[in-house]
Amino acid sequence: MDWLDRMNNAMEYVETHLSEEIQYDQIARIACCSTYHFQRMFPFITGVSLSEYIRRRRLTLAAFELQQSGTKVIDTALKYGYESPEAFSRAFKKMHGVMPMSARDKGVSLKAYPRLSFHISIRGDVEMNYRIEEKQAFEMFGVATVINDAGDPFEQPFVEIPAFWTKCISDGTVDRIRAAAGLGENGQLHSVLYNNQGGKFSYMIGYFLPQSGLPGEFEKLHIPPQTYAIFATGLYPDGQSGIHELWRRIWGEWFPSSNYEFANGPEFEMTYDRGNDMYEMEVWIPVVNKSAS
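About the cut-offs
Residue positions within a chain follow its written sequence, with the count starting from 1. Where local features are concerned, this predicted model is filtered to residues with pLDDT of at least 70; where side-chain atom pairs are given and counted, the filter is 80 or more; whole-chain, interface and lining totals use all residues. Side-chain metrics rest on all non-hydrogen atoms present in the structure, leaving aside hydrogens and water. Only the stretch in contact is used when a helix axis is fitted, and all axes are lines through C-alpha atoms; the angle between N-to-C directions ranges over 0 to 180 degrees. Working definition: helices are DSSP H or I runs of at least four residues, strands are E runs of at least two. Numbering for both runs from the N terminus. Should an angle fall under 35 degrees it is called roughly parallel, over 145 degrees roughly antiparallel, and 65 to 115 degrees roughly perpendicular, with every other angle called oblique. The criterion used for residue contact is that any of the two residues' heavy atoms lie within 4.5 Å. The classification used treats Ala, Val, Leu, Ile, Met, Phe, Trp, Tyr, Cys and Pro as nonpolar, Asp, Glu, Lys and Arg as charged, and all other residues, Gly among them, as polar. Two helices crossing with the near one rotated counterclockwise from the far one by less than a right angle form a left-handed crossing, whereas a clockwise rotation gives a right-handed crossing. Among buried residues, those of type Ala, Val, Leu, Ile, Met, Phe, Trp, Tyr and Cys that are joined through side-chain atoms within 4.5 Å constitute a nonpolar core. Here's how the labels work: a residue is buried when its accessible area is under 20% of the maximum for its type, exposed when over 50%, partly exposed in between, all with a 1.4 Å probe on protein chains only. Just to be clear on terms, a salt bridge is a Lys or Arg side-chain nitrogen sitting within 4 Å of an Asp or Glu carboxyl oxygen. Pairs of N or O atoms within 3.5 Å make up the polar contacts considered here, provided that, within protein, one atom can donate a hydrogen while the other can accept it, and that residues adjacent in sequence are counted only when both atoms are side-chain atoms. The quantity known as pLDDT measures the predictor's confidence residue by residue, on a range of 0 to 100. Note on terminology: disulfide denotes any pair of cysteine sulfur atoms within 2.5 Å. Working rule for helices: expected span equals 1.5 Å times residues minus one.

Looking at the packing of helix α4 (residues 50-68) against helix α6 (residues 85-96)
Item 1. At a closest axis distance of 10 Å, the pairing of α4 and α6 adopts a crossing angle of 95°. Here α6 runs roughly perpendicular to α4, going by the angle between their axes. Contact with α4, carried on its side by Arg55, Arg56, Leu59, Thr60, Ala62, Ala63 and Leu66, involves Phe88, Ala91, Phe92, Met95 and His96 of α6 and no other residues of that element.
Item 2. Residues belonging to the contact of α4 with α6 are distributed by class as follows: eight nonpolar, two polar and two charged.

Considerations on the packing of helix α3 (residues 35-46) against helix α9 (residues 243-257)
Item 1. With their axes 8 Å apart at the nearest point, α3 and α9 run at an angle of 115° to one another. Put simply, α3 runs roughly perpendicular to α9. You can see that α3 and α9 cross each other, and the crossing is left-handed. Of the residues in α9, those in contact with His37, Arg40, Met41, Phe44 and Ile45 of α3 are Trp247, Arg248, Trp251, Gly252, Phe255 and Pro256.
Item 2. Taken together, the residues that form the contact of α3 with α9 break down as seven nonpolar, two polar and two charged.

Overview of the nonpolar core
Item 1. Residues Val14, Phe38, Ile250, Trp251, Phe255 and Ile285 are the most contacted members of the largest nonpolar core, which totals 55 residues.
Item 2. When sequence neighbours within four positions are dropped, the list of residues in contact with Phe255 reads His37, Ile250, Tyr260, Glu261, Phe262, Ile285 and Val287.

What to know about the environment of Ile161
Item 1. Tracing the chain through its elements places Ile161 in helix α7 (residues 157-170).
Item 2. For Ile161, a relative accessible area of 10% translates into the label buried.
Item 3. Sequence separation between Ile161 and Ile205 is 44 residues, and the spatial gap between their C-alpha atoms is 9.8 Å.
Item 4. Excluding anything up to four places from it in sequence, Ile161 contacts Ile147, Phe201 and Tyr203.

Details of the pattern of salt bridges
Item 1. Enumeration over the complete set of coordinates arrives at 15 salt bridges.
Item 2. Between Glu267 and Arg40 there is a salt bridge, and its shortest N-O distance comes to 2.8 Å. Of the two residues, Glu267 sits in strand β8 (residues 267-275) while Arg40 sits in helix α3, which places them 227 residues apart along the sequence.
Item 3. The residue Glu133 makes a salt bridge to Lys135 at a minimum N-O spacing of 2.8 Å.
Item 4. If you follow the salt bridges from partner to partner, you end up with Arg131, Glu133, Lys135 and Glu282 in one network.

Details of the side chain of His96
Item 1. In this fold, His96 is placed in helix α6.
Item 2. When its relative accessible area of 5% is taken as the criterion, His96 is described as buried.
Item 3. Within the local environment of His96, its side chain forms a polar contact with the backbone nitrogen of Lys111, the two atoms lying 3.1 Å apart.
Item 4. Among residues more than four places away in sequence, those in contact with His96 are Leu59, Thr60, Ala63, Ser109, Leu110 and Lys111.

Topic: unusual backbone geometry
Item 1. Residue Asn195 is not a glycine yet carries a positive backbone phi of 55°.
Item 2. By the element assignment, Asn195 lies in the loop between β3 (190-194) and β4 (200-208).
Item 3. Non-glycine residue Asp277 carries a positive phi angle of around 60°.
Item 4. Note on placement: Asp277 falls in the loop between β8 and β9 (278-289).

Some words on the confidence of the model for the chain
Fine structural detail should not be taken from predicted coordinates in areas where pLDDT scores are low.
Item 1. Model confidence for the chain is summarised by a mean pLDDT of 88, while 94% of its residues fall at 70 or above.
Item 2. Confidence, read as mean pLDDT per element, is least for α3 in the chain (85) and greatest for strand β5 (residues 219-223) (95).

Focus: the state of the cysteines
Item 1. Following the criterion strictly, the structure yields zero disulfides and no others.
Item 2. The structure places no disulfide on Cys32, whose sulfur is separated from the nearest cysteine sulfur, that of Cys33, by 7.7 Å.
Item 3. Since its relative accessible area comes to 47%, Cys32 is described here as partly exposed.

Quick notes on α4
Item 1. With 19 residues, α4 extends 27 Å from end C-alpha to end C-alpha; this agrees with the ideal 27 Å at 1.5 Å per step.
Item 2. All of the buried residues along α4 are Leu50, Glu52, Tyr53, Ile54, Arg57, Arg58, Leu59, Thr60, Ala62, Ala63 and Leu66.
Item 3. Packing partners of the buried residues in α4 comprise α1 (2-16), α2 (24-30), α3, α5 (73-79) and α6.

Here it is in structure tokens:
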């Protein structure tokens, strides 16, 4: 119940400051977690990023005011944080499908996004197996790209990441990484999610750095000592099934009910060949015990 209270209090702060500058750090403090942890957790629980939720609520209230009062468009735009009527009009039309002045027309159809509130939901007793491990520093190598998740952090990475894998398989990069790592032609590579900058993060396909050093065409990534919460997908023939749902459950179910917080470091998707054409993936997430912090 404490978690529910904290989240609802955080949403109350958002709601009462929609016509002011909203401090993300303050939202996180109310929820008793770091700003980065809150912004990562929020879309997995709600299906929408925090910034998008705030945008939708502001445009919802703006539509109500334009429809029900004689407020000028420019005043409404400034009230809800838009620097110009033009910027406000573009955002308004994108959400509502009409220009702000049309909000007063009879019979016009507008969209309303209600405020969020958190309640207990009984979903079923599907357990989540995990373990906590301390890892010493190590190094990875491979190829990296930038993944954008500003538009839809709930879905976009699960589109861009498979596309990056497909490209690296087709152009031979995956085979070259396997050869450099001393793996066989079917050796399983891993991936690292790091350098999250809010709206984008780096994603590396690679393996542990060999003792012979860094192969020339690849880049190296140093991983500092860290405590990890480790989760597994179970066995699947394609090695990928279950990974999307696992990420959802980690952020939407495990973190809210655990005593751990995200430690803002590199995250891993580790793939293992379990034999008989079956594969398993593990997600490693850096964590810190909240009671110890």
